[in-house]
Amino acid sequence: MAETLVGAENIGKTYGTAVKTVALHEVSFTLDAGEFASVIGQSGSGKSTLLNLVGLLDTPTTGRIVLGGHDTTAATRKQRSALRNDFIGFVFQFHYLLPEFTVLENVLMPGRIGGVAQAELVGRAEENLALLGLEGLEKKNANDLSGGQKQRVAIARALMNRPALVLADEPTGNLDTVNTKMVYELFRTINEELGTAFVVVTHDRSVAQQADRILEISDGALLQDVRNAYAAPRAREADLPAPA
Amino acid sequence: MLSLSIAARFLRKSPIQSILIAAGIAVGIGVQVFLGSLITSLQTSLVDQTIGNSPQLVVQSQQDGQPVTYTSQVEQAMKSQSQVTTVVPTRAYSGIYRSGTQNAPLQLTGGSLGQLDTIYDISGRLVAGKATLGSSDILVGKDFANTFGVKPGDQVSIVLPSGKPAALTATGVFDFGSAAANSATAFVNGDQAATVLGYSSDQYSAIDAQVQDVFSSKQVADALRSDSALNGLKVTEWQSQNADLLSALQSQSSSSYMIQFFVLVAVALGIASTLAISAVQKTRQIGILKAMGMKDRQSGRIFLWQALILGVSGAAVGVLGGLALIALFTYLGRNSTSLFPITPQVGFVVLSFVVGVLVAVLSSLIPSRRTSKLDPIEVIQGG
């Protein structure tokens, strides 16, 4: 039985005080370590909200999130920051690289935020860059790369602290077909080689089909949570219903 | 020190903005150093010109015209005050210079030249003749000499307080830098003055003294008044005799402080607004750093470090600029008699530097607070 990495219990999110907008209705699910899941839904369905809540970037209005055994309900901003740094790597639609820093420095950043000296991190950062086919670009400025390269640097950065979970929000939204395919292949490779769990938000059903598990969100509610039989042979054994 | 390294990188990647902020601080501190030193030196020069070569403390008899007996106890009491640098007993009388139909009042001070020099620096201010004060010698001021055509070696006829005439020989002409002093002051031999006044060898008109810090004269005078050795004697000091000058100096200091204060306020507002703009410009970077786990305090420190770097570099350049301005002012005025030398005070320069750094750091508090409060979700949702 795989270890539970994320436990979301009845999490909901309502924005506004005078005029309330419910972005997410009581959603519950668990994610095991090493699992590769996708979250699919229309624009505005609440999938990014769900990802932000799981990534401790936002706080749920209702319910609770347990991350790596830590109940985050009463966690302070400082504790949430530490949990993000320890457990989670983020890949966003926009690469969000720091233009003031080189490729290598960008990749090193999560480690340095975690308080590890740069010298101790360089080896791992170079490994990450090699894994993503970015050798030789270490000293380049982040702004001097192509869109695909930037997104791969963002992935290398997300993996810096060897997180148990990578949360990716439309990670290929700004990429062409070739780079999109490359990014998903990389995700699968990292998932298999490093055992990193992935939750990938996408509105593209064909992309979602590459995950072992698909969570479909509609109007802020979890419509279905299914094991993706089509992702075989990589699909993991999971006690989930077959796709409808 | 991740915050420091990020702060330094942010500054390096926006060189024009960084240089402009540092230049703002530099100008402010430069003005502060120059203006502060200028006013201080001007005041020192004014004080020096006014009372530098005159007694700052005078001990006299309670009754006008009566002599003071200069005993060893009195001498000891005065010299025991640590601020007192010079004690000179003098004998002074009024006389009238007479030459043909021309008359002019003269205040004649008698004493030994060596002692008189310690207060009046007559030898150092001599413009003609020799600095000697023999029994029938007289040293006169430049304006007096010019008005009456008196040259060294000439006979100077004085009508004494008794109405009797006395013939003295002008041995030298001094310049005290003041027409009033140069016209009406003259120096004679102490014994000659004693004879004129009918004083014995230990009797004097006054005991003059100078103090190290001229503004300590009140305290020294108070201490002397309470000394039993000076019982029955009157102690006066320059500050109570020059209230107008002190008030002018105080007003000058106040205006200087006001100017310096508003310059610093302008500098602080400039830094605060530029750093606030910088904080807005870097919102995305700060947001993503926070998403990656950077803590609020760590992110807030980025702008504190920026302010510190800008403050230290700006204030250092400002101090150097201020000192360069002082050097330029001194160079331009090297041959001018109307300009006075500006002497930068080390303490004041260091204080200006520290104030510059503090103003920069304080100005960064608002952007730092804003940065530390930033929620990463604001950036992530904003795209």
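Structure: see above.
Summarised in this report is the structure supplied together with it. (Residues numbered from 1 in each chain as written. Chains lettered and ligands numbered in written order. Predicted model: local features only at pLDDT ≥ 70, side-chain atom pairs only at ≥ 80, totals over all residues. Heavy atoms only, no water.)

Description of the overall build of chain A
Then step 1. When its secondary structure is counted, chain A shows 7 helices and 10 strands.
Then step 2. For chain A, whose C-alpha radius of gyration is 18 Å, the value lies close to the compact-globule estimate of 18 Å for 244 residues.
Then step 3. A burial count over chain A gives 53% of its 244 residues as buried.
Then step 4. Sequence-distant contacts in chain A: of pairs separated by 6 or more residues, those separated by 24 or more amount to 66%.
Then step 5. For chain A, the exposed area adds up to about 10600 Å²; of that, 50% sits on carbon and sulfur atoms.
Then step 6. Of the side-chain charges in chain A, 23 are positive and 29 negative, and the distance between the mean point of each set is 4 Å. (Helix = DSSP H or I, 4+ residues; strand = E, 2+ residues; numbered from the N terminus. Rg over C-alpha atoms; globule rule 2.2 N^0.38 Å. Buried < 20%, exposed > 50% of the residue type's maximum accessible area, 1.4 Å probe, protein only. Contact = heavy atoms within 4.5 Å. Areas by Shrake-Rupley, 256 points an atom, 1.4 Å probe, with all protein chains shown as cover. Lys, Arg positive; Asp, Glu negative; His and termini not counted. Charge placed at Lys NZ, Arg CZ, Asp CG, Glu CD.)

Thoughts on the overall build of chain B
Then step 1. Within chain B one finds 15 helices and 12 strands.
Then step 2. For chain B, the C-alpha radius of gyration of 32 Å lies well beyond 21 Å, the compact-globule estimate for 383 residues.
Then step 3. Structurally, chain B occupies a C-alpha span of about 105 × 45 × 30 Å along its principal axes.
Then step 4. The long-range fraction of contacts in chain B, counting pairs at least 24 apart against all pairs at least 6 apart in sequence, stands at 79%.
Then step 5. Roughly 18000 Å² of accessible area belongs to chain B as shown, and the carbon and sulfur atoms make up 58% of that amount.
Then step 6. In chain B, 24 side chains carry a positive charge and 20 a negative one; their mean positions are 21 Å apart.

Details of the sheet that holds strand S2 (residues 21-32) of chain A
Residues and elements named next belong to chain A.
Then step 1. With respect to topology, 4 strands assemble into an open sheet ordered S2-S1-S4-S5, the strand pairing being antiparallel. Pairing within the sheet leaves two strands with one partner each, and these edge strands are S2 and strand S5 (70-71).
Then step 2. With 5 bridges joining them, strand S1 (residues 4-15) and strand S4 (residues 62-67) adopt antiparallel strand pairing. When the bridges of S4 are listed, Ala 8 appears paired with Ile 65. (Pairing = 2+ DSSP bridges.)

Side note on helix H6 (residues 177-194) of chain A
For an α-helix the count is 3.6 residues per turn, leaving residues at separations of three or four pointing the same way.
All names here are of chain A.
Then step 1. Along its 18 residues, H6 runs 25 Å from first to last C-alpha, staying within 8% of the 26 Å computed at 1.5 Å per residue.
Then step 2. Those residues of H6 that sit buried are Asn 179, Thr 180, Val 183, Tyr 184, Leu 186, Phe 187, Arg 188, Ile 190 and Asn 191.
Then step 3. After H6 finishes, the residue Gly 195 shows a positive phi value of roughly 70°. (Expected span 1.5 Å × (residues − 1).)

With respect to the interface of chain A and chain B
Then step 1. On the side of chain B, 29 residues touch chain A, which itself brings 26 residues to the contact.
Then step 2. Linking Lys 282 of chain B and Glu 100 of chain A is a salt bridge whose minimum nitrogen-to-oxygen distance equals 2.8 Å.
Then step 3. For the pair chain A and chain B, the number of links is 12 residue pairs in polar contact (both at pLDDT 80 or more).
Then step 4. With 6 residues, the single largest contributor to the side of chain A that touches chain B is helix H2 (residues 77-87) of chain A. (Salt bridge = Lys/Arg side-chain N within 4 Å of Asp/Glu carboxyl O. Polar contact = N/O pair within 3.5 Å; in protein donor to acceptor, adjacent residues only side chain to side chain.)

Observations concerning the side chain of Gln 43 of chain B
Residue and element names in this part refer to chain B.
Then step 1. By secondary structure assignment, the location of Gln 43 is in helix H2 (residues 15-52).
Then step 2. Judged by its relative accessible area of 16%, Gln 43 is buried.
Then step 3. For Gln 43, the side chain forms a polar contact with the main-chain oxygen of Leu 249, separated by 2.9 Å.

Quick word on the pairing of strand S10 (residues 221-227) of chain A
Residue and element names in this part refer to chain A.
Then step 1. Here strand S9 (residues 213-218) pairs with S10 via 6 bridges, running antiparallel. Looking across to S10, one finds that Glu 216 is bridged to Gln 224.
Then step 2. In this antiparallel pair of consecutive strands, S9 and S10, the connection spans 2 residues, and Asp 219 shows a positive phi of 50°.

Examining a nonpolar patch on the surface
All names here are of chain B.
Then step 1. A cluster of nonpolar side chains, namely Met 258, Phe 261, Phe 262, Val 265 and Leu 269, defines an oily patch on the protein surface of about 510 Å² accessible area.
Then step 2. Locating Leu 269 in the fold gives a position in helix H10 (residues 243-281).
Then step 3. In this structure Leu 269 comes out as exposed when scored by relative accessible area, which is 58%. (Patch = residues over 30% accessible without salt bridge, like charges linked within 9 Å, V, L, I, M, F, W, Y side chains within 5 Å.)

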